[in-house]
Amino acid sequence: MQRDEIERIFEAYFEKYKKTEGDRTAWSAVWLESTPVGVLELNMTKCPRGLIFKLFVDKKKEAEAAGWDAFFETMNLISEKYPSLYDEEKVFSDMSFVI
């Protein structure tokens, strides 16, 4: 899947499912992907710091990335560390389906 398509899908998902973090300056949307090798959680947050991604594997924070470039770099690292956990095509096809 192309990068611009992933960004479009995740942004649309965020707009549909975002929740405030309390003071209405930060908004987040979370995607959980359960696989046979574990659970991947993608948390997109828009706040005064900008666009932040928090990435969890089996409820343990694995990484935090600021902006799209860092998101894609970090997901490559997660894929290397946890083979078969992150299937980009499946994650974003499923995300597209619910929007």
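About the thresholds
Residues numbered from 1 in each chain as written. Predicted model: local features only at pLDDT ≥ 70, side-chain atom pairs only at ≥ 80, totals over all residues. Heavy atoms only, no water. Axes fitted to C-alpha atoms, helices over the stretch in contact; angles between N-to-C directions. Helix = DSSP H or I, 4+ residues; strand = E, 2+ residues; numbered from the N terminus. Parallel < 35°, antiparallel > 145°, perpendicular 65-115°, else oblique. Contact = heavy atoms within 4.5 Å. Nonpolar A, V, L, I, M, F, W, Y, C, P; charged D, E, K, R; others polar. Pairing = 2+ DSSP bridges. Buried < 20%, exposed > 50% of the residue type's maximum accessible area, 1.4 Å probe, protein only. Polar contact = N/O pair within 3.5 Å; in protein donor to acceptor, adjacent residues only side chain to side chain.

(A) Local environment of the packing of helix H1 (residues 3–17) against helix H2 (residues 68–81). Running from N to C, H1 and H2 point in directions that differ by 105°, and their axes come no closer than 12 Å. Judged by the inter-axis angle, H1 sits roughly perpendicular to H2. Residues Arg3, Ile6, Glu7, Phe10 and Glu11 of H1 touch H2, and the partners they reach there are Trp68, Asp69, Phe71 and Phe72. Broken down by class, the residue content of the contact of H1 with H2 amounts to five nonpolar, no polar and four charged.

(B) Fine view of the pairing of strand S5 (residues 60–66). Here six bridges tie strand S4 (residues 50–57) to S5, and the two strands are oriented antiparallel to one another. The residue of S5 that forms the bridge with lysine 54 is glutamate 64. Counting the residues in the hairpin turn of S4 and S5 gives two residues, including aspartate 58, whose phi is positive at 50°.

(C) Main features of the side chain of asparagine 43. Mapping asparagine 43 onto the fold places it in strand S3 (residues 38–47). Asparagine 43 gets classed as buried once you look at its relative accessible area, which sits at 10%. Side chain to side chain, asparagine 43 and threonine 45 meet in a polar contact 2.8 Å long. Excluding residues within four positions of it along the chain, asparagine 43 makes contact with Ser28, Ala29, Val30, Ile52, Phe53 and Lys54.

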